[in-house]
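Structure assessment
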Amino acid sequence: MMHKTTLPGRTAKFGFLGLWLVITLFPLYWITVTALKSPGAIYKFPLQYWPEKISFDNFAGLFNQANFGLYMVNSLVAASVSGAVVTVISLLAGYIIARFEFASKGAVVMAFLVTQMIPAFIALGPLYMMMTNLNLVDTRGGLIVVYIAMCIPFSTIMLRGFFDNVPDALEEAAMIDGCSRLVALFRVLVPVMLPGITAAFIFNFVNCWNELFLSVTLMNSDSNKTVPTAISGFITSYNIEWGPMSAAAVMTVVPTLIMFAFASKYIVQGLTAGAVKG
Amino acid sequence: MTVKTTEGEVRLPATADGPRRRGGPGRRRSFTARRGLTIAGFLAPAAVFVSVFTYYPMLFGSQMAFRNWNLNDLSNTDWIGFDNFVAIFGSDQFWTALVNSATWVIGSLIPQFLIGFSLALLLRRRFFLRGPYQAFIFFPWAVSGFLIGILFRWMFNGEFGVVNDLLMKAHLIQSPLPWLADPSLAMVAIIIANVWYGVTFFAIMILAALQSVPDELYESASMDGAGRARTLFSVTVPYIRTTLALTVLLRVIWIFNFPDIIYGMTGGGPAGQTHIVTTFMIEKTQQGDYGVASAIGLIMLFIMLVFAVFYLQIVHGRKTT
């Protein structure tokens, strides 16, 4: 822009940016502070904006009383297995959509996009019945399969955008050299697109890690619960105990935050590419 | 694009001297068939998963809307025509939820758009630490909507909530407000949470659009003596209008369908007064009332379709004039 920035203008700009940063981070700050207070101090006036005495009692309680460690393992397994499988499957699909022209291509892309638009909850009931018939209700495998289906459409659209950024001369050269298309894809394209693929994996992982309604519907027994399901169980009990609840929230958010921090640049790229082309 | 810069590091098999086409004419002939097989084979896993676990239950669910289908009593799953719809339209709960849906969408969308747009404009030019800043304000996206509902539920707690505490410290209120116990205040609270969550999306999308505006446009606008506001409304906005319109449409649909924050924050309470249509439908599903839930789903789909058609007509109509 050609305009000169004035000092008041700059102050207003960074004032606004600063304010929004504070607003964005405050909820995370507050839940962390709550989690670190001793159980009694949470319900005490005046509210402490920094714990008088930092205590890990809430975390200890979480892992001792509730099976929180097990829930985290369940979530970790579901999210990493589905995340990985989805990424591979959507890599193949995204590649085809990016590189080939064929009659039903528009319909395929539309079929993926539509799943992002329609109220998916209409499938919740029938899915439960279907999974019951397949003996997949309340099994880790069942949840993983459903998560895979859930993540494929967006992941495909995202990866397709990354393929568009890579010239097709790359795999053609490899294919002329005698590689099959599949081999060319994994030997030549995947290494080039690794940042984008990692971002897609992280995005899928985080989506599955955070998923609530499917796991609430499908997973009944305590030993199969994922973290969000367990947390939603904390609510339905009469009174929320905010100490363990905050600790659980922190334990849920921190891993995803770390992953997102590493991949945010590529996720942003994938999202904007996906949406603009969509 | 980093993807491109890493290209150089990839060792390509030597091709310059080797024979270019080993297959010759014979390979050509089977080309179409092989091409079809490749397309089908690569797409198959994705297609199978999405058809079986997304589309099949969705379609199956759609027909349940016209049947007496309650998980608690499956002895009679007869076709009952539009009875489920009649029951829904006759319930006050549904109309409350529908009005709430409108409030929820409009009340969330406008602030999200305005704040997101402002952020995008301010982030357009590079400044010291812009990258980390963007990563930080990206944070809400790593958190599930449900958990955001929980975070805000705690902050808006009527007794020990930090929001009341801050407002009282600022002397804006004299005594704590019962945020989540009062239906109107609860609507305000869930919308605030949703604004907080959704601003990032707009900021990112609009920023990407802004970066697509060629610099020459700004230069000529500035040479014509256009001021900052003038440039914004006569150059920037018209240039990115299509992206803006599309982003808004996607967001409306998405917010309309988005139950997570409400589910975590109020669960539709107090007394069902903060249900939007989506959370209402989920409640029906969890009660096993699949027929009614599916019918609500179809109503939602219909509302969004009508909205999208009208919206696109308006946007498109403006474009041609």
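Predicted, not measured: the structure shown is a model, and the values here were computed from it. (Residues numbered from 1 in each chain as written. Chains lettered and ligands numbered in written order. Predicted model: local features only at pLDDT ≥ 70, side-chain atom pairs only at ≥ 80, totals over all residues.)

What follows deals with the overall build of chain B. A count of helical and extended segments in chain B gives 15 helices and 0 strands. Burial status across chain B gives 38% buried among its 321 residues. Within chain B, residue pairs in contact and separated by at least 24 positions form 68% of the contacts whose partners lie at least 6 positions apart. (Helix = DSSP H or I, 4+ residues; strand = E, 2+ residues; numbered from the N terminus. Buried ≥ 20, exposed ≤ 12 C-beta atoms within 10 Å, placed from the backbone. Contact = placed C-beta atoms within 7 Å.)

Before going further, it helps to spend a moment on the overall build of chain A. Across its full length, chain A holds 13 helices and 0 strands. Start at the N end of chain A and walk to the C end: the helices and strands fall as α-α-α-α-α-α-α-α-α-α-α-α-α. C-alpha atoms of chain A, sized along the principal axes, occupy 70 × 70 × 35 Å. A buried classification covers 46% of the 278 residues belonging to chain A. At a minimum sequence separation of 6, the contacts of chain A that also span at least 24 residues come to 73%.

What follows concerns the confidence of the model for chain A. Averaged over all residues, the pLDDT of chain A is 87; the fraction at 70 or higher stands at 94%. At the level of individual helices and strands, chain A shows its lowest average pLDDT in helix H13 (residues 242–277) of chain A, which scores 79, and its highest in helix H4 (residues 68–99) of chain A, which scores 94. (pLDDT = per-residue confidence, 0-100.)

One finds Val146 and Ile202 of chain A together with Ile296 of chain B to be the most contacted residues of the largest nonpolar core, which totals 162 residues. Examining the composition of this core, we find that 18 residues originate from one element, helix H9 (residues 183–210) of chain B, more than from any other. Once residues lying within four places of it in the same chain are set aside, the contact partners of Ile202 of chain A are Met259, Phe260, Ala263 and Ile267 of chain A. (Core = buried A, V, L, I, M, F, W, Y, C linked by C-beta atoms within 7 Å.)

A few words now on the environment of Phe162 of chain A. The topology assignment puts Phe162 of chain A in helix H7 (residues 140–164). Taking the C-alpha atoms as reference points, Phe162 of chain A and Ala98 of chain A, separated by 64 residues in sequence, lie 8.8 Å from one another.

What follows deals with the interface of chain B and chain A. Interface size is commonly expressed as the accessible area that is lost once the parts come together. Contacts between chain B and chain A engage 76 residues on the former and 82 residues on the latter. It is helix H3 (residues 31–64) of chain B that contributes the most residues to the side of chain B that touches chain A, 16 residues altogether. For the side of chain B that touches chain A, a count of residues per class yields 51 nonpolar, 17 polar and 8 charged. (Nonpolar A, V, L, I, M, F, W, Y, C, P; charged D, E, K, R; others polar.)

Looking now at the confidence of the model for chain B. Residues and elements named next belong to chain B. Looking at chain B as a whole, the pLDDT averages 84, with 89% of positions reaching at least 70. Contacts from residues 1–27, a stretch scored under 50 in pLDDT, to residues over four places away or in other chains number 24 contacts. Taken over the whole predicted complex, pTM reads 0.86, whereas the ipTM for its chain interfaces reads 0.88.

Residue and element names in this part refer to chain B. The UniProt record annotates "transmembrane region" (unreviewed entry) at residues 37–56, 102–123, 135–156, 185–210, 231–256 and 290–312. End-to-end, the C-alpha atoms of residues 185–210 are 36 Å apart, and along that stretch the chain is 100% helix and 0% strand. The span residues 290–312 shows a helical share of 100% and a strand share of 0%, and its end C-alpha atoms are spaced 32 Å apart. (UniProt positions renumbered as here; feature names shortened; annotations may be inferred.)

A few words on the UniProt feature "domain: ABC transmembrane type-1" (unreviewed entry) in chain B. UniProt's feature table lists "domain: ABC transmembrane type-1" (unreviewed entry) at residues 98–311 of chain B, given in the numbering used throughout. Taken end to end, residues 98–311 of chain B is 73% helix and 0% strand, and its first and last C-alpha atoms sit 19 Å apart.

A few words on the environment of Ala93 of chain A. Looking at the element boundaries, Ala93 of chain A is found in helix H4. For Ala93 of chain A, a count of 26 C-beta atoms within 10 Å corresponds to the buried category. For the pair formed by Ala93 of chain A and Pro153 of chain A, sequence separation is 60 residues and the distance between their alpha carbons is 9.4 Å. Contacts of Ala93 of chain A, omitting those with residues within four sequence positions, involve Thr156 of chain A together with Phe42, Leu43 and Ala46 of chain B.

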